[in-house]
Amino acid sequence: ITVLGYSSTVDGTRPVADVEADVLHYKAWYGVTHIFFDRVSGQSAQLGYYQELSGYTHRLDGAGSVWFNPGIFPDQAYMSDADVVMVFEGTYAQYTAARVPSWVKNYPAGRFANTIYDTPAADLANALKLAGARHALHVFVTDGTGGNPYGGVPSYWSSELKDSCGP
């Protein structure tokens, strides 16, 4: 299991020094070297900001990884700075209609993550199948809803583990 530290970038508006302090704290307090940057803008205008954060994080521990979460497919240039990009974060209904850019196939599936919430139990298998077809290796599916759909494990957690990890 890889444990990720967390830092919100507030869409590229949070001061770099504050975000870097979060990264340093996770390393000092818990020995965490893998960082999940949330609320990543994904826009080319903020690319330099995210390059700085990625470089800082990799310099602290070259074996660590950088995850970006724009929740959408970002400008493709972001792929040069993140080890994993969460390219979808939304409801199952939104997921079934989402489009995948052709450039995604130029990268290993391990570079992409999808988080799908408000997914009925009857649609769990299809959500996982769609994730595979969309070239995403890292997938979390939940039936959680509301302001924090991640407040607990899905009601079908044991089935999700079995379907995604094998017996």
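Residues numbered from 1 in each chain as written. Predicted model: local features only at pLDDT ≥ 70, side-chain atom pairs only at ≥ 80, totals over all residues. Heavy atoms only, no water.

Quick notes on the overall build of the chain
Logical step 1: Helix and strand content of the chain: 5 helices and 6 strands.
Logical step 2: Counting helices and strands in the order they occur from the N terminus, the chain gives β-α-β-α-β-β-α-β-α-β-α.
Logical step 3: By the compact-globule yardstick of 15 Å for 167 residues, the chain fits well, its C-alpha radius of gyration being 16 Å.
Logical step 4: Seen through its C-alpha atoms, the chain measures out along the principal axes to roughly 45 × 35 × 30 Å.
Logical step 5: A fraction of 68% describes how many contacts in the chain between residues 6 or more apart in sequence connect residues 24 or more apart.
Logical step 6: Accessible surface, the chain as shown: approximately 8,500 Å² in total, 54% of it carbon and sulfur. (Helix = DSSP H or I, 4+ residues; strand = E, 2+ residues; numbered from the N terminus. Rg over C-alpha atoms; globule rule 2.2 N^0.38 Å. Contact = heavy atoms within 4.5 Å. Areas by Shrake-Rupley, 256 points an atom, 1.4 Å probe, with all protein chains shown as cover.)

Concerning the side chain of Ser 7
Logical step 1: Within the secondary structure layout, Ser 7 lies in strand E1 (residues 4–8).
Logical step 2: Among the polar contacts made by the side chain of Ser 7, one reaches the side chain of Arg 14 at a distance of 3.0 Å.
Logical step 3: The residues contacting Ser 7, other than those within four sequence positions of it, are Arg 14, Val 19, Asp 22, Phe 36, Phe 37 and Asp 38. (Polar contact = N/O pair within 3.5 Å; in protein donor to acceptor, adjacent residues only side chain to side chain.)

A word on the packing of aromatic side chains
Logical step 1: Under the criterion given, the structure shown has 16 aromatic pairs.
Logical step 2: Each ring, one from Tyr 26 and one from Tyr 30, has its centre 6.1 Å from the other, and the planes form 45°; the classification is tilted. Taken together, the positions of Tyr 26 and Tyr 30, both in helix H1 (residues 16–30) and 4 residues apart, correspond to about one turn of that helix.
Logical step 3: Overall, Tyr 26 belongs to the partly exposed group, its relative accessible area being 23%.
Logical step 4: Note on Tyr 30: relative accessible area 58%, which makes it exposed.
Logical step 5: Pairwise contacts between aromatic rings join Phe 37, Tyr 49, Tyr 50, Phe 68 and Tyr 78 into one cluster. (Phe/Tyr/Trp six-rings, centres within 6.5 Å; stacked < 30°, edge-to-face > 60°. Buried < 20%, exposed > 50% of the residue type's maximum accessible area, 1.4 Å probe, protein only.)

Observations concerning the sheet that holds strand E6 (residues 138–141)
Logical step 1: If you trace the 6 strands from one edge of the open sheet to the other, you get E1-E2-E3-E4-E5-E6, paired in parallel fashion. The sheet is open, and its two edges are formed by E1 and E6, each paired on a single side. In this sheet, adjacent strand axes meet at a mean angle of 20° when their direction is disregarded.
Logical step 2: The strands touched by H1 within the sheet are E1 and strand E2 (34–38), with E1 carrying the most contacts at an inclination of about 160°.
Logical step 3: Packing against the sheet, helix H2 (residues 47–60) makes contact with E2 and strand E3 (66–69), and its axis sits at approximately 155° to E3. (Pairing = 2+ DSSP bridges. Axes fitted to C-alpha atoms, helices over the stretch in contact; angles between N-to-C directions.)

Considerations on the pairing of strand E5 (residues 112–117)
Logical step 1: The element E5 is extensively covered by neighbouring structure, given that 5 of its 6 residues are classed as buried.
Logical step 2: Here strand E4 (residues 84–91) pairs with E5 via 6 bridges, running parallel. Bridging from a neighbouring strand, Met 86 pairs with Ala 113 of E5.
Logical step 3: By the bridge criterion, 4 bridges tie E5 to E6 in an arrangement that is parallel. Within the sheet, the bridge partner assigned to Ile 116 lies in E6 and is Val 141.
Logical step 4: Assessed by its sense of winding, the connection that carries the chain from E5 through helix H4 (residues 124–133) to E6 is right-handed. (Right-handed = clockwise from strand over helix to strand, strands pointing away.)

Remarks on H2
Logical step 1: Taking 1.5 Å per residue as the helical rise, H2 with its 14 residues ought to reach 20 Å, and the 20 Å between its terminal C-alpha atoms agrees with that figure.
Logical step 2: Those residues of H2 lying buried are Leu 47, Tyr 49, Tyr 50, Leu 53, Ser 54, Gly 55, Tyr 56 and Thr 57.
Logical step 3: Buried positions along H2 lie against H1, E2 and E3. (Expected span 1.5 Å × (residues − 1).)

Some details on the side chain of Thr 115
Logical step 1: Examined against the element boundaries, Thr 115 turns out to sit in strand E5.
Logical step 2: Not counting residues within four places of it along the chain, the set of residues in contact with Thr 115 comprises Met 86, Phe 88, Glu 89, Gly 90, Phe 140 and Tyr 150.

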